[in-house]
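# Structure at a glance
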Amino acid sequence: MAKGKNQFLKWFGPLLDALRDLGDSGRPREVTTKIAQNLKLANSVIDETRESGVKVFYNQVAWARQYLVWEGLLDSSKHGTWKLTEKGRTTHLSEEDARKIFLKQVAIHQKDRKKTNAVGKLNEALTCDEEVSPESEHFDDVSELIDVLRRLSFEGFEKVCKELLRESGFENVEVTGGSADGGIDGFGILELNPFVSFKVLFQCKRYKKDKTVSRAQVGDFRNAMIGRAEKGIIITTSYFSSSAIQEAKRDGAPQIELVDGERLVRMFEKVELGLKSRTVYDVDYKYFAQFK
């Protein structure tokens, strides 16, 4: 059984099962949603957040995915889709199986590191006497940008969201603001093709890491949209509660697109707004192993 700091081991098997249910591949959020549905996880588990602002459940599943990639059960594609390999399609894992994979990969990375001068955060951790805890490290490339966005004024955050929407293909984007906006911070026009376009309303919530957008707030935004637009977007530097996500997708009601802090960073990265790109290379040990 997964104990102590290696709680992420319990997601190995459910991750493979979720991908099989999704037809062998899925986007990260689709996969985590399917795991939560399959295991009937409580909202308190899904919404648990560390002091750093990292969502525990999503972070643990992401690290489980990394170990399954190393084990050859998942494809190592960097295109944002998680996909089972041929081996992964027929593999079912217990928590004891997961622990064996974990210890095996720890040993492999320790051995590889001794033979190279490559230095990385993960490999540094793997030299410790204790079992490495992926939970002590996280994919924190979002942290710096999120911190910058949280330090903006409310008006500044609305304006930078306006620029982001423009760079993402929206036209005639305007920030309305003001106390009488009914929860609407702005609007824009999204053109699907030369014949079809529609108005989109957006709301910006520049929240600290310990504040989550609630279901009631999503409902209030939808009510403010009625008669004004058929599509809405809520953008936050924080997270949405599980009930808020359910409310946004509720059948029979206008759909609301939710952009949390992590997705917001990806949007900035995609259009390279306010960011300077750089290239980082990690050693592919498996490639060089064939030449030993």
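Quick notes on the rules
- As a convention, each chain's residues are numbered from 1 in the sequence order in which they are written.
- Only residues with pLDDT of 70 or above have their local features reported here, since the model is predicted, and side-chain atom pairs are shown and tallied only from 80 upward, although totals for entire chains, interfaces and linings are computed over all residues.
- Processing note: side-chain calculations cover all non-hydrogen atoms of the structure and skip hydrogens and water entirely.
- The secondary structure listing takes helices from DSSP runs of H or I that are at least 4 residues long and strands from runs of E that are at least 2 residues long, numbered from the N terminus.
- Residue exposure (1.4 Å probe, protein chains only): buried if accessible area is under 20% of the type maximum, exposed if over 50%, otherwise partly exposed.
- Here, residues are in contact when the closest pair of their heavy atoms is within 4.5 Å.
- Surface accessibility in these figures is a Shrake-Rupley result with a 1.4 Å probe; residues are shielded only by whichever protein chains are displayed.
- One fewer than the residue count of a helix, multiplied by 1.5 Å, yields its expected span.
- We call two strands paired when DSSP finds no fewer than two bridges between them.
- Patch membership requires more than 30% relative accessible area and the absence of a salt bridge. Residues of like charge join within 9 Å; the nonpolar side chains Val, Leu, Ile, Met, Phe, Trp and Tyr join within 5 Å.
- The rule for a salt bridge is simple: a side-chain nitrogen of Lys or Arg has to be within 4 Å of a carboxyl oxygen of Asp or Glu.
- Charged residues are defined here as Lys and Arg on the positive side and Asp and Glu on the negative side; His and the ends of the chain fall outside this count.
- Each pair of aromatic rings taken from Phe, Tyr and Trp, with Trp reduced to its six-membered ring, is defined by centres within 6.5 Å and is described as stacked if the planes are under 30 degrees apart, edge-to-face if over 60, and tilted in the remaining cases.
- Geometrically, a lysine NZ or arginine CZ counts as sitting over a ring once it is within 6 Å of the ring centre and also within 35 degrees of the ring normal.
- Every residue gets a pLDDT, meaning the predictor's confidence in that residue, from 0 to 100.

## Let's talk about the overall build of the chain
For the chain, the helix and strand inventory stands at 13 helices and nine strands. Taking all 292 residues of the chain together, 42% fall into the buried category. Contacts spanning at least 24 positions in sequence make up 63% of the contacts within the chain whose residues lie at least 6 apart. Only carbon and sulfur atoms are counted for the fraction: they give 50% of the accessible area of the chain, which is about 16,600 Å².

## Observations concerning helix 2 (residues 28-39)
For helix 2, with 12 residues, the first-to-last C-alpha span of 17 Å sits near the 16 Å given by 1.5 Å per residue. Along helix 2, the positions that sit buried rather than exposed are Val31, Thr32, Lys34, Ile35 and Ala36. The elements touched by buried residues of helix 2 are helix 1 (12-21), strand 1 (25-26), helix 3 (43-46), helix 4 (56-70) and strand 2 (82-83). Backbone geometry just downstream of helix 2 places Lys40 in the positive-phi region, at approximately 50°.

## Examining the pairing of strand 7 (residues 231-236)
Extensive coverage of strand 7 is indicated by the burial of five of its six residues. The pairing of strand 5 (residues 196-205) with strand 7 spans six bridges and is parallel. Bridge assignment links Val200 to a residue of strand 7, and that residue is Lys231. Bridge count between strand 7 and strand 9 (residues 256-259): four bridges; the pairing is parallel. The partner of Ile234 across the bridge, within strand 9, is Leu258.

## Overview of a nonpolar patch on the surface
A surface patch of nonpolar side chains, about 430 Å² in accessible area, is lined by Val283, Tyr287, Phe288 and Phe291. Residue position: Val283 is located in the loop between helix 12 (261-271) and helix 13 (285-289). Overall, Val283 belongs to the partly exposed group, its relative accessible area being 38%.

## Some words on the side chain of Lys34
Along the polypeptide, Lys34 turns up in helix 2. Although Lys34 is buried, it forms no salt bridge, and the closest oppositely charged side chain is Asp21 at an N-O distance of 5.3 Å. Contact partners of Lys34, with chain neighbours within four places excluded, come to Ala18, Asp21 and Leu22.

## Re the packing of aromatic side chains
Under the definition given, this model contains 10 aromatic pairs. Seen in terms of ring centroids, Tyr287 and Phe288 are 5.1 Å apart; in terms of plane orientation they differ by 80°. Their pairing is edge-to-face. The partly exposed category is assigned to Tyr287, whose relative accessible area is 43%. In this structure Phe288 comes out as partly exposed when scored by relative accessible area, which is 48%. Members of the aromatic cluster, each reached through a chain of ring pairs, are Phe8, Phe12, Tyr67, Trp70 and Phe102. Looking at Lys199, its charged tip hangs above the ring of Phe187, at a distance of 4.7 Å from the centre. A cation sits over an aromatic face here: Arg206 above Phe154, 4.0 Å from the ring centre.

## Points about the confidence of the model for the chain
Summary statistics for the chain give a mean pLDDT of 82 and a share of 83% for residues scoring 70 or more. In this model, residues 115-140 is a region of pLDDT below 50 whose contacts with residues beyond four sequence positions or in other chains number 57 contacts.

## Looking at the pattern of salt bridges
Here the structure, examined in full by the defined rule, presents 14 salt bridges. Residue Lys104 is joined to Glu71 by a salt bridge in which the shortest nitrogen-to-oxygen separation is 3.2 Å. With Lys104 in helix 6 (residues 95-114) and Glu71 in the loop between helix 4 and strand 2, the pair connects residues that are 33 residues apart, well separated along the chain. Of the charged contacts in the structure, one is a salt bridge between Arg215 and Glu247, with a shortest N-O distance of 3.2 Å. Here Arg215, found in helix 10 (residues 215-225), pairs with Glu247, found in helix 11 (residues 242-248); they are 32 residues apart in sequence, far enough to count as distant. A residue is classified by how much of its surface remains accessible, and Arg215, at 37% relative accessible area, is partly exposed. Beyond isolated ion pairs, a larger network of salt bridges with shared partners links Arg215, Arg222, Glu247 and Arg250.

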